[in-house]
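Coordinates in review
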Amino acid sequence: MPEPRTYDVAGIGFGPANLSLAIALDERPEPISSVFLERRASLSWHRGMLVPSAKMQVSFLKDLVTFRNPASPFGFVSYLREVGRLAMFVNNQDFFPTRREFHGYLEWAEAKLRPNVVYGSEVVAIRTPPGERGPVDRLLVEVRGDGRSGGTRLVEARNVVVSTGLVPRMPAGVEGDTSVWHSSEFLDRFRAHDRPIRRVAVAGGGQSAAEIVRFLYDALPEAEIHAIVPAYGYSIADSTPFANQIFDPDAVDDYYDGTPRSRDAFWKYHKNTNYSVVDAEVIKDLYRRAYDDGLAGTNRLRFLGLTRVVDVKSVQNDVRVTLHSASRDESHDLDVNVLVCATGYDPMDPCAVLGDLASRCPRDDAGRLRVDRDYRLVTPPDLRCGIYLQGGTEHTHGLSSSLLSNLAVRSGEIARSIAAGLAAQEKR
Ligand code: FDA
Ligand code: NAP
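None of these values were measured; they are calculated from a predicted model.

Quick word on the site of ligand 2
Among the 22 residues in the neighbourhood of ligand 2, the closest are listed as Gln-57, Ser-208, Glu-211, Asn-274 and Ser-276. In the model, a nitrogen atom of ligand 2 is placed 2.8 Å from a nitrogen or oxygen of the Lys-55 main chain. One nitrogen or oxygen atom from the side chain of Ser-276 is found 2.7 Å from an oxygen atom belonging to ligand 2. Among the elements of the structure, helix H6 (207–219) and strand S12 (307–315) are those that each provide at least two residues to the shell around ligand 2. For the shell around ligand 2, the leading source of residues is H6, giving three residues. Per-class residue counts for the shell around ligand 2 are eight nonpolar, 10 polar and four charged.

A few points about the side chain of Gln-425
Structurally, Gln-425 is set in helix H14 (residues 407–427). With residues near it in sequence (within four places) discarded, Gln-425 still touches Asp-137, Arg-158 and Arg-384.

Quick notes on unusual backbone geometry
Peptide bonds are mostly trans, and most non-glycine residues show a negative phi. A positive phi angle, close to 45°, is found at His-46, a residue other than glycine. The topology assignment puts His-46 in the loop between strand S2 (34–38) and helix H2 (76–82). Residue class for His-46 comes out partly exposed when judged on its relative accessible area of 42%. Positive phi, close to 50°, is recorded for Gln-93, a residue that is not glycine. Among the structural elements, Gln-93 can be located in the loop between helix H3 (86–92) and helix H4 (99–113).

A word on the site of ligand 1
Around ligand 1 lies a shell of 29 residues, among which Glu-38, Gln-57, Val-123, Ser-402 and Leu-404 are the nearest. Here a nitrogen atom of ligand 1 sits 3.2 Å away from a polar atom, N or O, in the main chain of Arg-39. Here a nitrogen atom of ligand 1 sits 2.9 Å away from a polar atom, N or O, in the main chain of Val-123. In isolation ligand 1 offers 980 Å² of accessible surface; the protein chains occlude 92% of this area. Those elements that provide at least two residues to the shell around ligand 1 are helix H1 (16–26), S2 and strand S4 (122–127). Residues that form the shell around ligand 1 fall into these classes: 14 nonpolar, 10 polar and five charged.

Digging into the environment of Gly-151
Within the secondary structure, Gly-151 sits in the loop between strand S5 (139–144) and strand S6 (153–162). Taking the C-alpha atoms as reference points, Gly-151 and Asn-406, separated by 255 residues in sequence, lie 36 Å from one another.

A word on the domain arrangement of the protein chain
Interface extent is often summarised as the accessible area lost during association of the parts. Segmentation of the protein chain into domains returns domain 1 (9–166 + 347–427), domain 2 (169–237 + 275–345) and domain 3 (241–273). When each unit is reduced to the centre of its C-alpha atoms, the spacing between domain 1 and domain 2 is 33 Å. At the interface, 13 residues of domain 1 touch 16 residues of domain 2. The contact between domain 1 and domain 2 buries some 1200 Å² in all, and 54% of this surface belongs to carbon and sulfur atoms. Our count for the domain 1 to domain 2 interface comes out at one salt bridge. With its nearest N and O atoms 3.5 Å apart, the salt bridge here joins Glu-281 to Lys-55. Across the domain 1-domain 2 interface, the total number found is four residue pairs in polar contact (both at pLDDT 80 or more). Of the residues contributing to the side of domain 1 that touches domain 2, the split by class is seven nonpolar, four polar and two charged.

Focus: the packing of H1 against H14
Two elements in contact, H1 and H14, have axes separated by 8 Å at closest approach and are oriented at 55°. Comparing their axes, H14 and H1 come out oblique. At the point where H1 passes H14, the crossing takes the right-handed sense. Across the interface between the two elements, Pro-16, Ala-17, Ser-20, Leu-21, Ala-24 and Leu-25 of H1 pack against Leu-407, Ala-408, Arg-410, Ser-411, Gly-412, Ile-414 and Ala-415 of H14. Looking at the contact of H1 with H14, its residues break down into nine nonpolar, three polar and one charged.

Some thoughts on the sheet that holds strand S13 (residues 318–325)
On the basis of which strands lie adjacent, the open sheet formed by three strands has the order S12-S13-S14 and antiparallel pairing. Two strands in the sheet have a free side with no partner beyond their single neighbour: S12 and strand S14 (330–336). Sheet twist, expressed as the average angle between the axes of neighbouring strands with direction ignored, equals 25°.

Criteria and thresholds
- Residues numbered from 1 in each chain as written.
- Chains lettered and ligands numbered in written order.
- Predicted model: local features only at pLDDT ≥ 70, side-chain atom pairs only at ≥ 80, totals over all residues.
- Heavy atoms only, no water.
- Near = heavy atom within 4 Å.
- Polar contact = N/O pair within 3.5 Å; in protein donor to acceptor, adjacent residues only side chain to side chain.
- Helix = DSSP H or I, 4+ residues; strand = E, 2+ residues; numbered from the N terminus.
- Nonpolar A, V, L, I, M, F, W, Y, C, P; charged D, E, K, R; others polar.
- Contact = heavy atoms within 4.5 Å.
- Buried < 20%, exposed > 50% of the residue type's maximum accessible area, 1.4 Å probe, protein only.
- Areas by Shrake-Rupley, 256 points an atom, 1.4 Å probe, with all protein chains shown as cover.
- Domains from an automatic or database assignment.
- Buried area = accessible area lost by both parts, 1.4 Å probe.
- Salt bridge = Lys/Arg side-chain N within 4 Å of Asp/Glu carboxyl O.
- Axes fitted to C-alpha atoms, helices over the stretch in contact; angles between N-to-C directions.
- Parallel < 35°, antiparallel > 145°, perpendicular 65-115°, else oblique.
- Left-handed = near helix turned anticlockwise from the far one by under 90°.
- Pairing = 2+ DSSP bridges.

Below, the structure is given as structure tokens:
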């Protein structure tokens, strides 16, 4: 099929969210043309954290499609059947596959659907066409390092769906380098590191930190591992049934239609379902290692609770980490070969690709972008094309905004809204 001059949809970023959207568009009754622009060279779901034993944090049934269309051929169960693992998966009696297996599922879904993805394409801005008068029905997406030509080009679309993912966060004032890594790049850095690691520190009290400490303890049998944890010790992620309801599709309505007070309550009572917390299984695994370590008298796994990284300096080939201990209210230095900052992420920031359009969009009282229930950004009245957000909607749609839990349903809602908008455009 020849490429259209103007696509119905341009997706920015191609992680699980836009892969789920590509399937939802494909499963609509009316044809909708689409292109997806992804800066990486291939599909990659947090590859830097694909440590062998890491497991999913949602049920396999919260895959790309099932909550929207359980009969879709793109479900995780269809994947298991096609690769010949369905019976074994059931015998294994575990709702939570490894992240590696889920990555295999995402690759399978992409290969089966064959969406129009241009890899090696970084979107730098979205603009309205120059010199256009009256209502604007098309947007121009500016792409750098275009996978096809290696240059810069403009992609024209009637709708844009921004899905660029979480943004890695370092401790204030700390810059990454060859010995100071963010957890998002952990495995790439670890594999490329060509000097011995005898002493390593991992900062953070969340899932990333705990998984990395466990991995390093096993991968470096001679090394000392210093775990720098802001809490007294790793705290458990609440995944119990009542709390888990905040990730249900209905919870999006409760959050969206809620009052400022009820929205605050979601965060106050349920932040511990996801942030700065660790799965029980990993906590138990780590404590078992600490126990055995003590028993053997090796003492190479060291936990520094109530402690944060406050400064980092290079000292020859090593790193001097300044730590602040809240219990003693004092700082001290720790010299290590490598510091891993598993210090979390900021939410997706659509303004990074919206360019000048960001300043023209209406804001709420707190200065945040306004977003309709169908994830459509509220834009100036003369802009009739749709800009949709998959992520960065924690303030309007709640805690599942950055997660997989509601992907299938959200993609369906966005696809439906896009289809309705295109039909309305055609009538005009
Ligand atoms: P994702 O980040 O996956 O994809 C965004 C894509 O956009 C990337 O491929 C990026 O390269 C691309 N991009 C960014 N800027 C671009 C630009 N300017 N131009 C072109 N492309 C651009 N959640 C959950 O519910 N269960 C889980 O088990 C996990 N596990 C998990 C593990 C780890 C290590 C992390 C860090 C996070 C999770 N999460 C999670 C949360 C995570 O946000 C979620 O799993 C998905 O990655 C969200 O999918 P997205 O497609 O929105 O973002
Ligand atoms: P996170 O949950 O936000 O945790 C970041 C941690 O870093 C917090 O404990 C934070 O403490 C700490 N921190 C921040 N600044 C620090 C400093 N200066 N010194 C020491 N510690 C500092 O981030 P994450 O663990 O990367 O998890 C992010 C998301 O990815 C979550 O949704 C998580 O579930 C997901 N994830 C999933 C998997 C998986 O599926 N297996 C694996 C990894 C991550 P404060 O809270 O006190 O600031």
